[in-house]
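Each chain, letter by letter, is given below.
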Amino acid sequence: MTDRKRDHIDLAFRSHMEHALADKRFYYEPLLSAHPDKELEPFEFLGKQLRTPIWVSSMTGGTEKAAKINLNLARACAQFGMGMGLGSCRSLLDSKAHFADFDMRSVIGDDLPLYANLGICQIETLIKDKALDKIETMLQNLRADGLIVHINPMQESLQPEGDLLYRSPIETLQELMSQVHVPLIVKEVGQGMGPKSLEALMQLPLQAIEFGAFGGTNFAKIELMRHPEKGGMLLEGLSEIGHNAEEMLEWTNQIYEKNQSVQCKEIIISGGISSCLDGYYLMKKSKIPAVYGQASALLKHAQGEYADLEMYIQSQIKGLKLAEAYLDLR
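The structure presented is a predicted model; accordingly, all values stated were derived computationally and were not measured. (Residues numbered from 1 in each chain as written. Predicted model: local features only at pLDDT ≥ 70, side-chain atom pairs only at ≥ 80, totals over all residues. Heavy atoms only, no water.)

So, about the overall build of the chain. Along its length, the chain carries 15 helices and twelve strands. The buried share of the chain, reckoned over its 330 residues, is 47%. Here the analysis covers contacts within the chain between residues at least 6 apart in sequence; of these, 76% occur between residues at least 24 apart. Within the structure as shown, the chain displays about 17000 Å² of accessible surface, and the carbon and sulfur contribution to it stands at 53%. (Helix = DSSP H or I, 4+ residues; strand = E, 2+ residues; numbered from the N terminus. Buried < 20%, exposed > 50% of the residue type's maximum accessible area, 1.4 Å probe, protein only. Contact = heavy atoms within 4.5 Å. Areas by Shrake-Rupley, 256 points an atom, 1.4 Å probe, with all protein chains shown as cover.)

With 21 residues, helix α15 (residues 306–326) ought to run about 30 Å at 1.5 Å a step, and its terminal C-alpha atoms sit 30 Å apart, in line with that. Taken as a whole, α15 has its buried residues at Y306, L309, Y312, I313, Q316, I317, G319, L320, K321, A323, A325 and Y326. (Expected span 1.5 Å × (residues − 1).)

Turning to the packing of aromatic side chains, a few remarks are in order. One pair of aromatic rings is described through two measures. These are the centre distance and the angle between the planes. Inspection of the entire model under this criterion finds three aromatic pairs. Relative to Y281, the ring of F26 lies with its centre 5.8 Å away and its plane at 80°, an arrangement referred to as edge-to-face. Linking F26 in strand β1 (residues 26–28) with Y281 in helix α13 (residues 276–285), this pair joins segments that are 255 residues apart in sequence. The residues F26 and Y281 share a single accessibility class, namely buried. (Phe/Tyr/Trp six-rings, centres within 6.5 Å; stacked < 30°, edge-to-face > 60°.)

For the structure shown, the criterion picks out 13 salt bridges. In this structure, E175 and R167 form a salt bridge, with 2.8 Å as the shortest nitrogen-oxygen distance. As a salt-bridge pair, E199 and K258 come within 3.1 Å of each other at their nearest N and O atoms. Here K258 lies in helix α12 (residues 245–258) and E199 lies in helix α9 (residues 195–202), a separation of 59 residues in the sequence. E199 sits in the partly exposed class, given a relative accessible area of 30%. Among the residues examined, K258 registers a relative accessible area of 61% and is labelled exposed. What emerges from the salt-bridge pattern is a single network uniting D23, R25 and D278. (Salt bridge = Lys/Arg side-chain N within 4 Å of Asp/Glu carboxyl O.)

The next thing to look at is the sheet that holds strand β5 (residues 83–85). Taking strand neighbours around the barrel as the criterion, the eight strands line up as β4-β5-β6-β7-β8-β9-β10-β11 in a closed arrangement whose pairing is parallel. When strand polarity is set aside, the average angle formed by the axes of neighbouring strands in this sheet is 25°. In the sheet, strand β4 (residues 54–56) pairs with β5 via two bridges, with the strands oriented parallel. By the bridge assignment, W55 is partnered in β5 with G83. Seen against the sheet, helix α5 (residues 120–128) touches β6 (114–119) and β7 (146–151) and runs at an angle of roughly 75° to β6. (Pairing = 2+ DSSP bridges. Axes fitted to C-alpha atoms, helices over the stretch in contact; angles between N-to-C directions.)

Core analysis: the biggest nonpolar cluster contains 94 residues, and M138, L142, L147 and I209 have the highest contact counts within it. Per-element tally for this core: the top contributor is α15, with seven residues. Filtering out sequence-adjacent residues up to four positions away, M138 remains in contact with C89, L92, L93, A116, L118 and L147. (Core = buried A, V, L, I, M, F, W, Y, C linked by side-chain atoms within 4.5 Å.)

To continue, consider the side chain of N152. Topologically, N152 is positioned in the loop between β7 and α7 (153–158). Within polar-contact distance, the side chain of N152 engages the side chain of Q155 at 2.8 Å. Once you skip the residues sitting within four places of it in the chain, N152 turns out to touch I120, E188 and V189. (Polar contact = N/O pair within 3.5 Å; in protein donor to acceptor, adjacent residues only side chain to side chain.)

For α9, every residue scored as buried is listed here: L198, L201 and M202. Axial view of α9: buried residues confined to an arc of 95°, hence all on one face. Contacts made by the buried residues of α9 are with α8 (169–179), β8 (184–188), β9 (208–210) and α12. (Arc of directions from axis to C-beta.)

Further remarks concern the packing of helix α2 (residues 66–80) against α15. At their nearest, the axes of α2 and α15 sit 10 Å apart, and the two run at 40° to each other. Here α15 runs oblique to α2, going by the angle between their axes. Taken as a pair, α2 and α15 cross one another with a handedness that is right-handed. Contacts between α2 and α15 involve N72, L73, R75, A76, Q79 and F80 from the former and Y306, L309, E310, I313, Q314 and I317 from the latter. Its residues assigned to classes, the contact of α2 with α15 shows seven nonpolar, three polar and two charged. (Parallel < 35°, antiparallel > 145°, perpendicular 65-115°, else oblique. Left-handed = near helix turned anticlockwise from the far one by under 90°. Nonpolar A, V, L, I, M, F, W, Y, C, P; charged D, E, K, R; others polar.)

Following this line, the structure appears as structure tokens:
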């Protein structure tokens, strides 16, 4: 008790908050709930039961750290009831050399979503080569529930070794879906998507759209930073164009309200989600069933001991429970 009181005195002056720093997204209602003592309510998403509304956004695979990172993330999904997107599985199309880095079904279990991941350029090439059967073989080997296709034309253009697109991504997606009948998620990789792209995607029978919005990891920017000597930084402005998650959610809500017969009716809100409050706010604003996705925040805690990742997710869950009990959206 004495130590706690001394801490209060020592920290009191440092804890003063500027008025301008108050989070204007919420009303704080401290009188209407007891402290939450129950677990978060289970809910259905991607056709399976989740216990925590956090999605492990696609990150890594085929590198020396990938196996440990993916193992920690899959273990966390199993413990907390979350879904997981694997990093790019391109290397698995023609080789099993890195298969162990991605083989997470036995860790995450059969009851939670596990999705493989390929880029739109690989899909275009597989269609051209009449080799789409490789996708189905890969999914069977991984025992994955479906496929994430990441749309990244700006990244590919700014990457010295990047692939070129010869068709629009929407055409490629339509052809893929006509030939390969698996649950499909489409995402961007850090710059998000404008309203016309979102509307085009929502007309497709996708399992979900993942935002990959501006404000989180930006792979176009990463490509420029990888090779500054090649003069690519002259194009830096292109990597700084995009749409944040709140902007994308507003468009998605408008599209859904305007046409409730849209075929894609689940979203993963990712990109710039730095805290559980960001995730909670956007999920509550969504008119479509939603979870929030994180990549770099989880990656930071997944590289070391599992206890660090476990504590991070536990703090997110505690924050979500407190938000549900005491916060209303303005």
